[in-house]
Amino acid sequence: MTPKIETKNLQLYYGAHHALKGIDFSANANTVTALIGPSGCGKSTFLRCFNRMNDLIDGCEVEGQILIDGMNINDKYLNVDELRKKVGMVFQKPNPFPKSIFENVAYGLRINGINDKKTLEEKVEKALRQAALWEEVKDNLKKSAMSISGGQQQRLCIARALAVEPSLVLMDEPTSALDPISTSKVEELIYQLKEKYTILIVTHNMQQAARVSDRTAFFYIGEMIEYNDTTEIFTNPKIERTQNYITGRFG
Amino acid sequence: MTHLETELDKLKGDITGMFILVQKQLNKSIQSLLTMDKDLAREIIAAEKRVNAEELKIDRVCENIVALFNPVAVDLRFVFASFKINSHLERMGDNAKGIARYVLEMSEKFDADLIAKLQLQEMFSVANKMIDENIAAFENGDSSKARLVFEMDERVDAINFAANNIVADYIKANTDKAIHLLNLMSIIRKLERVGDLQANIAEEIIFYVDAEVLKHDKNFHNKI
Amino acid sequence: MNKRLSQKIFFTLFRLISLMIVIVLFSILGFIVFNGAKVISWNFLTQMPTDGMTKGGIYPAIVGTLILVLGSMIFAFPVGVAAAIYMNEYVKEVPAKRFMRLMTSNLAGVPSIVFGLFGMALFVNQLHFGDSIIAGSLTLGLLALPVVIRTTEEALKQVDDSFRLASIGLGATKLQTIGKVTLPIAFPNIITGLILSIGRVSGETAPILFTVAAYFLPKLPHSIFDQVMALPYHLYVIATSGTNITESRPIAYGTALVLISIVLICNITASVIRNVLGKRNK
């Protein structure tokens, strides 16, 4: 089976700073992979390689192959906007647009040129259902997205990402700004979403990595130190540094 | 159902499976004893490997749940109880295998009269009933069923205690069969151990369901 | 001297200074309102001046000022917003950004009479527009440009980057992101800047002096190449070089009151719009 995503000898530089040092990584479809490690270890940078968000940063150089469904996306002739339509992203802080709930979810569809009212309504409902938010907002779709709670906003952002039907979803610490109840709702959601999507999640919360992921990669100063099944990482890590990190003895 | 609930449900299924597997081993061992069926005894010894493998698997499941989900309250008690029930069941499997080993070594069948006098069948069926109650209690989180087990254990203990005199008398009358009869006594002891293990399991179930610790409580029979 | 006392003294000093500013503002306003209110009437606002500007209304000056303001905004708004978008959204290099900002500030610091001379040289003479609405509007537009650029840039800067990232992350191009996310969010603040610059432009005299303003023209313009009267210039004329300065003094106060009212209305509208639209985004 070809892995859904793969990197081969991925090197990334911010100017003179060598931020990712030869990462060889792969993840299969319909799995959740957690990226853990102390701040500044490169896990978020690594995540952003898959939708080329690092392009937005001045002086960022990426070498090596990044494959999605076997296709190398680290190619300067690639249409990056098209890539980003296929790779959804959820950010650290809930960031719905100051528009209505409906328009937030419809945003990506409209960008894609879908303006037919009926199609929009169908797809918006589907995305909101997938994000487990439909029941809570179905009577208030016209309400401003800023008026719902932080946890609901984050699920709205997930719905917004899902509406364009990506196959890969990147999540950058999606619950770091949420309260525990909202966090566990989002975690449950992630667990359910892997039926349809491949998910890559960066998290500072080790227990979150343990709860939601199938595989876990531990990053440290730009290197991927250990990458294995989550159960292995959390019960029997092979490398001492990983063990020290997950047991809270450093970092 | 949440992710953790799904995992706990799987664990519950694993433990129930282990119960049934070990109960089968016990049934077969008694049957092989009563019929002197050595093939059946060999089958039990072979199947013991499966019991051991299952025990290791469940241990791993428990470890993973604790490591990955940090269960608390009833969920944590459930995992701890399952972990210990698992080990009790494995030892019960050992006892079944032990009985099968005696059967393999034996040259002749026991006197039917003696078996009847010892109430061996009764002892066995009570032990079996204890397992049934424990399975039901564990599956449904119903501690009232588990509480029935202690009284049955007393019945098993009584039969075991009475067996001492009966076998002693028999040995006096048949000194040439002393070893043979001592083996029988060992088998009865193993059955008695099965009863004890089921009582331990019942304690674990009560711990899980009612958060009540009965272990080492000298007065607990009065409380029930 | 103990700390408490010195604190008290300075605090009182600051309070007095602030109070003085308010008093000065209100005296000016009160003076103008007191003297100007007497002549304000429907006729004053809607009639041509007569009798060598000592009688009649200031209708053509009001219309002229409105036309000039509109004309200058038609030019300054799109150009200024576009420049601000370019500076804030496209230019990545910090030195280039800093240079452009410095130039904008310099432009804002140029005295308005210099704008007037420049407008005369370029629009009136070089481009042969003559003294006309178009020449005056463009000159005023140039004057307003730095304000529009500055306020738009500030408005764009206030838009949280997470909105841009969210949009780009969904596959929107930069242009789509600006059009559908950044500008709508920044809109209330941009409009506020626009209205504030209207207030500024409507009160300027020097830039229109050589480019459009008519000394006395008791009729409305027919095309953008006509001259018009304008409130600030009219005020200047009747206060300094009119046919009969003493007799036209009440009209001067009335004109000043109308001009100040326009500026005030602009400022109040700006804050109302900011509050109303701003709330919608919360």
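None of these values were measured; they are calculated from a predicted model. (Residues numbered from 1 in each chain as written. Chains lettered and ligands numbered in written order. Predicted model: local features only at pLDDT ≥ 70, side-chain atom pairs only at ≥ 80, totals over all residues. Heavy atoms only, no water.)

### Examining the overall build of chain A
Working step 1: When helices and strands are counted, chain A shows 10 helices and 10 strands.
Working step 2: The C-alpha radius of gyration of chain A comes to 18 Å, within 12% of the 18 Å expected for a compact globule of 251 residues.
Working step 3: Relative to its 251 residues, chain A shows a buried fraction of 57%.
Working step 4: In chain A, once contacts between residues fewer than 6 apart in sequence are set aside, the share between residues at least 24 apart is 67%.
Working step 5: Positive and negative side-chain charges in chain A, numbering 31 and 31 respectively, have mean positions lying 4 Å apart. (Helix = DSSP H or I, 4+ residues; strand = E, 2+ residues; numbered from the N terminus. Rg over C-alpha atoms; globule rule 2.2 N^0.38 Å. Buried < 20%, exposed > 50% of the residue type's maximum accessible area, 1.4 Å probe, protein only. Contact = heavy atoms within 4.5 Å. Lys, Arg positive; Asp, Glu negative; His and termini not counted. Charge placed at Lys NZ, Arg CZ, Asp CG, Glu CD.)

### Thoughts on the overall build of chain C
Working step 1: Helix and strand counts for chain C stand at 11 helices and two strands.
Working step 2: Its helices and strands in sequence order give chain C the pattern α-α-β-β-α-α-α-α-α-α-α-α-α, from N to C terminus.
Working step 3: Dimensions of chain C, computed from C-alpha atoms along their principal axes, come out at roughly 70 × 65 × 35 Å.
Working step 4: Here chain C holds 282 residues, and the buried ones make up 42% of them.
Working step 5: Relative to all contacts within chain C whose residues are 6 or more apart in sequence, the contacts with residues 24 or more apart total 74%.

### Structural notes on the interface of chain B and chain A
Working step 1: The interface of chain B with chain A comprises 11 residues on the first partner and 10 residues on the second.
Working step 2: Across the interface of chain B and chain A, roughly 980 Å² is buried in total on both sides, 51% from carbon and sulfur atoms.
Working step 3: When the area that chain B buries against chain A is broken down by residue, the three leading residues are His3(B), Arg60(B) and Leu68(B), summing to 53%.
Working step 4: Inspection of the region where chain B meets chain A yields one salt bridge.
Working step 5: When the shortest N-O distance is used, the salt bridge between Arg60(B) and Glu232(A) registers 3.4 Å.
Working step 6: Applying the counting rule to chain B against chain A returns five residue pairs in polar contact (both at pLDDT 80 or more).
Working step 7: Elements represented by at least two residues in the side of chain B that touches chain A include exactly helix H1 (3-35) and helix H2 (38-69) of chain B.
Working step 8: Broken down by element, the side of chain B that touches chain A gets its largest block of residues, six residues, from H2(B). (Buried area = accessible area lost by both parts, 1.4 Å probe. Salt bridge = Lys/Arg side-chain N within 4 Å of Asp/Glu carboxyl O. Polar contact = N/O pair within 3.5 Å; in protein donor to acceptor, adjacent residues only side chain to side chain.)

### Some details on the nonpolar core
Working step 1: The biggest cluster of nonpolar side chains holds 120 residues, and the ones touching the most others in it are Leu128(A), Ile158(A), Phe234(A), Leu11(B), Phe19(B) and Ile85(B).
Working step 2: Residues in contact with Leu128(A), not counting those within four places in the same chain, are Val105(A), Leu133(A), Trp134(A), Val137(A), Leu141(A), Leu156(A) and Ala159(A).
Working step 3: By size, the runner-up hydrophobic cluster in this structure holds 82 residues, among which are Ile5(A), Leu78(A), Val81(C) and Leu170(C). (Core = buried A, V, L, I, M, F, W, Y, C linked by side-chain atoms within 4.5 Å.)

### Some details on the interface of chain C and chain A
Working step 1: With 20 residues of chain C in contact, the opposing surface of chain A contributes 23 residues.
Working step 2: A combined buried area of about 1,900 Å² lies between chain C and chain A, and 63% of that area is made up of carbon and sulfur atoms.
Working step 3: Summed over the three residues of chain C that lose the most area to chain A, namely Leu165(C), Leu170(C) and Lys180(C), the buried surface amounts to 30% of that side.
Working step 4: At the junction of chain C and chain A, the tally comes to one salt bridge.
Working step 5: The salt bridge partner of Asp160(C) is Lys93(A), with a shortest N-O separation of 3.9 Å.
Working step 6: Between chain C and chain A we count three residue pairs in polar contact (both at pLDDT 80 or more) in total.

### Topic: the domain arrangement of chain C
All names here are of chain C.
Working step 1: Parsing chain C into structural domains produces domain 1 (1-36) and domain 2 (42-280).
Working step 2: Computed over C-alpha atoms, the centres of domain 1 and domain 2 are 31 Å apart.
Working step 3: Taken together, the six residues of domain 1 in the interface contact five residues of domain 2.
Working step 4: Of the roughly 540 Å² buried where domain 1 meets domain 2, counting both sides, 87% is carbon and sulfur surface.
Working step 5: Summed over the shared surface of domain 1 and domain 2, the number is zero salt bridges.
Working step 6: Where domain 1 meets domain 2, there are zero residue pairs in polar contact (both at pLDDT 80 or more). (Domains from an automatic or database assignment.)

### Let's talk about the sheet that holds strand E4 (residues 60-68) of chain A
Residues and elements named next belong to chain A.
Working step 1: Read across the open sheet, the four strands follow the order E2-E1-E4-E5; overall the sheet is antiparallel. Each having just a single partner strand, strand E2 (17-27) and strand E5 (71-72) make up the two edges of the open sheet.
Working step 2: In this structure, strand E1 (residues 5-14) lies alongside E4, joined through eight bridges in antiparallel fashion. The residue of E4 that forms the bridge with Gln11 is Glu63. (Pairing = 2+ DSSP bridges.)

### A few points about the pairing of E4(A)
Residue and element names in this part refer to chain A.
Working step 1: Pairing geometry for E4 and E5, over two bridges, is antiparallel. When the sheet's bridge partners are listed, Leu67 is paired in E5 with Asn72.
Working step 2: Where E4 folds back onto E5 in an antiparallel hairpin, the turn is made up of two residues, including Asp69, whose phi is positive at roughly 50°.

### Points about the pattern of salt bridges
Residue and element names in this part refer to chain A.
Working step 1: Counted by the stated rule, this structure contains 37 salt bridges over all chains.
Working step 2: The closest approach of N and O atoms between Glu165 and Lys126, which form a salt bridge, is 3.4 Å. Placement of Glu165 in the loop between helix H6 (150-163) and strand E7 (168-172) and of Lys126 in helix H4 (residues 117-130) is noted, with a sequence separation of 39 residues between them.
Working step 3: Residue classification places Glu165 among the partly exposed positions, given a relative accessible area of 43%.
Working step 4: The partner of Glu135 in a salt bridge is Arg129, with the nearest N and O atoms 3.8 Å apart.
Working step 5: By relative accessible area, Glu135 is classed as exposed at 54%.
Working step 6: Its relative accessible area of 45% is what places Arg129 among the partly exposed residues.
Working step 7: Salt bridges linked by common partners bring Glu125, Arg129, Glu135 and Lys138 together as one network.

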